[in-house]
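Okay, here's what each chain looks like letter by letter:
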Amino acid sequence: MFALSFRADMQGELFSFSPTLKQYQTIFAIGSYWRLLGISIAIAFGVAVMATALAYPVAYFLVFRAGRAAGLCLM
């Protein structure tokens, strides 16, 4: 995928192309790409925080409160 990002155009044969930085110039030139990147990073950070916040109570319950039923709860 990384190698294909250097194609000048996304048409033609798959393995015969001359590498260029045209795609990356377009990304850095247009501001909407930066906005989308910022939104994606914000969503990823939010999901990571929420998953961590939810995982700690579940892990605490499984270790200290579930006892012999911990295996069943994990399933």
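Here is a short report on the structure shown in this document. (Residues numbered from 1 in each chain as written. Predicted model: local features only at pLDDT ≥ 70, side-chain atom pairs only at ≥ 80, totals over all residues. Heavy atoms only, no water.)

An α-helix turns once every 3.6 residues. As a result, residues three or four positions apart point the same way. Compared with an ideal rise of 1.5 Å per residue, which puts 35 residues at 51 Å, helix α2 (residues 31-65) spans 51 Å between its outermost C-alpha atoms and is within 8% of the ideal. Residue G67 follows α2 closely and has a positive phi angle near 65°. (Helix = DSSP H or I, 4+ residues; strand = E, 2+ residues; numbered from the N terminus. Expected span 1.5 Å × (residues − 1).)

Here the focus is the packing of aromatic side chains. Going through the model one piece at a time under the given rule, you end up with two aromatic pairs. Seen in terms of ring centroids, F28 and W34 are 5.5 Å apart; in terms of plane orientation they differ by 40°. Their pairing is tilted. Relative to F64, the ring of Y60 lies with its centre 4.9 Å away and its plane at 45°, an arrangement referred to as tilted. Taken together, the residues Y60 and F64, both in helix α2 and four residues apart, mark about one turn of the helix. When its relative accessible area of 55% is taken as the criterion, F64 is described as exposed. (Phe/Tyr/Trp six-rings, centres within 6.5 Å; stacked < 30°, edge-to-face > 60°. Buried < 20%, exposed > 50% of the residue type's maximum accessible area, 1.4 Å probe, protein only.)

Note that all results are geometric; they support no functional claim without further evidence.
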